Amino acid sequence: VGHCHPDIVKAAHEQNQLLNTNSRYLHDNLVDYAERLSKTLPEKLCIFYFLNSGSEANDLALRLARQYTKHEDVIVLDHAYHGHLTSLIDISPYKFRNLEGQKEWVHVAPVPDTYRGLYREDHEDSVTAYANEVKNIIEQAHKRGRKIAAFFVESLPSVGGQIIPPAGYFQKVAEHVRKAGGIFIADEIQVGFGRVGKHFWAFQLQGEDFVPDIVTMGKPIGNGHPIACVATTKEIAEAFAATGVEYFNTFGGNPVSCAIGLAVLDVIEKEHLQAHATEVGNFLMKLLKEQKIKHPIIGDVRYQCLIYIFSCFLFGSVSK
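Residues numbered from 1 in each chain as written. Predicted model: local features only at pLDDT ≥ 70, side-chain atom pairs only at ≥ 80, totals over all residues. Heavy atoms only, no water.

### What about the overall build of the chain?
Okay, step 1: A count of helical and extended segments in the chain gives 11 helices and 7 strands.
Okay, step 2: The C-alpha atoms of the chain give a radius of gyration of 20 Å, which matches the 20 Å a tight globule of 320 residues would have.
Okay, step 3: Along the longest, intermediate and shortest principal axes, the C-alpha atoms of the chain span 60 × 55 × 40 Å.
Okay, step 4: Every one of the 320 residues in the chain was classed for burial, and the buried ones make up 53%.
Okay, step 5: Per element, the accessible surface of the chain, about 15,000 Å² overall, is 52% carbon and sulfur.
Okay, step 6: Between the averaged position of the 32 positive side-chain charges in the chain and that of its 37 negative side-chain charges there is a distance of 4 Å. (Helix = DSSP H or I, 4+ residues; strand = E, 2+ residues; numbered from the N terminus. Rg over C-alpha atoms; globule rule 2.2 N^0.38 Å. Buried < 20%, exposed > 50% of the residue type's maximum accessible area, 1.4 Å probe, protein only. Areas by Shrake-Rupley, 256 points an atom, 1.4 Å probe, with all protein chains shown as cover. Lys, Arg positive; Asp, Glu negative; His and termini not counted. Charge placed at Lys NZ, Arg CZ, Asp CG, Glu CD.)

### Some remarks on the sheet that holds strand 6 (residues 214–217)
Okay, step 1: The strand order across the open sheet formed by 7 strands is 1-7-6-5-4-2-3, and the pairing between neighbours is mixed. Since the sheet does not close on itself, it has two edges, and those belong to strand 1 (47–51) and strand 3 (106–109), each with one partner. Strand after strand, the sheet turns through a mean of 20° between neighbouring axes, direction not considered.
Okay, step 2: By the bridge criterion, 3 bridges tie strand 5 (residues 183–187) to strand 6 in an arrangement that is parallel. Within strand 6, the residue paired with Ile 185 across the bridge is Ile 214. (Pairing = 2+ DSSP bridges. Axes fitted to C-alpha atoms, helices over the stretch in contact; angles between N-to-C directions.)

### Side note on the confidence of the model for the chain
Okay, step 1: Counting all residues, the mean pLDDT for the chain is 93, and 94% of those residues have values of 70 or more.
Okay, step 2: In this model, residues 315–320 is a region of pLDDT below 50 whose contacts with residues beyond four sequence positions or in other chains number 25 contacts. (pLDDT = per-residue confidence, 0-100. Contact = heavy atoms within 4.5 Å.)

### Examining helix 7 (residues 169–179)
Okay, step 1: All of the buried residues in helix 7 are Tyr 169, Phe 170, Gln 171, Val 173, Ala 174, His 176 and Val 177.
Okay, step 2: At its buried positions, helix 7 is contacted by strand 2 (73–77), helix 6 (126–143), strand 4 (148–154) and strand 5.
Okay, step 3: Gly 181 occupies a position one or two residues after helix 7 and carries a positive phi of about 90°.

### Things to note about the packing of aromatic side chains
Okay, step 1: Under the counting rule described, the total for this entry stands at 14 aromatic pairs.
Okay, step 2: Between Tyr 169 and Phe 170, the aromatic rings sit 6.0 Å apart at their centres with planes inclined by 50°, giving tilted as the arrangement. Across the pair, Phe 170 and Tyr 169 agree in class, each one buried.
Okay, step 3: Ring centres 4.9 Å apart and planes at 75° place the aromatic pair Phe 184 and Phe 210 in the edge-to-face group. Of this pair, Phe 184 sits in strand 5 while Phe 210 sits in the loop between strand 5 and strand 6, and the two are 26 residues apart along the sequence.
Okay, step 4: Through a chain of ring-to-ring contacts, three or more aromatic side chains come together here, namely Phe 151, Tyr 169, Phe 170, Phe 184, Phe 203 and Phe 210.
Okay, step 5: In this structure, Lys 95 packs its charged tip against the face of Tyr 81, placed 5.5 Å from the ring centre. (Phe/Tyr/Trp six-rings, centres within 6.5 Å; stacked < 30°, edge-to-face > 60°. Lys NZ or Arg CZ within 6 Å of the ring centre and 35° of its normal.)

Structure below.
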């Protein structure tokens, strides 16, 4: 929502003057914030865990998936980056190929890129073709006695090239993954909170009928303040709690962080930032399309990604 936005600064200052404590002490801000976030998400995603960073959120999502499914393996997209913790380097081809390599429990699917990928715009059914690549990975994993815990994906692959997955791809992949006993995790850390303009969450570009099993969020959630969140279903949360090993995060969801989170949502709504991102993104798109006609060297102009890139500046973000 912009560097040093006065509403965010005010919310942090006022709550700091009253109380900031660790999350063993109950405070209304946490409940109020969870309730506000729930209104932006499908009803099924109704349990929230608050953390301090996107990497923490993705690590917890991985733990939730494994506990719920009792499986270990993860499918990710090529070139993906999901965070800097050891567990996330292991599922980030962008990183692990320069380090210790691919673990046995990690499976890499091709990016659903219809511009430069395996199946392009002229393919008769690129959605099914890319989804079948995931299906084939699952079948090969099963032959080796491996079981899939999750398909872990950024709703708009960022490091992988600002790719817009073709509509329907997530639905078909989720069908294959869930049939194999796994779950679908949408990483919204870079692309959530209205940055795509038309929708509040980038996974909603796939259609209203698609609902992930877990959504992770970070970066814009606190406008630079360290706060993150994992949203999931009651079934997954209950399986996680059934271990008897409680989840505890000392400062995840503390009163100041939640006050800031609430203020961010207020500003996005009050200043119509989604509409602003859409309007300016459309204007930029029009100009770039004109350049594409004029200069044959320009191969592709990506609509939602332009809105996202612009709104990264509009919302005062830094890269992951």
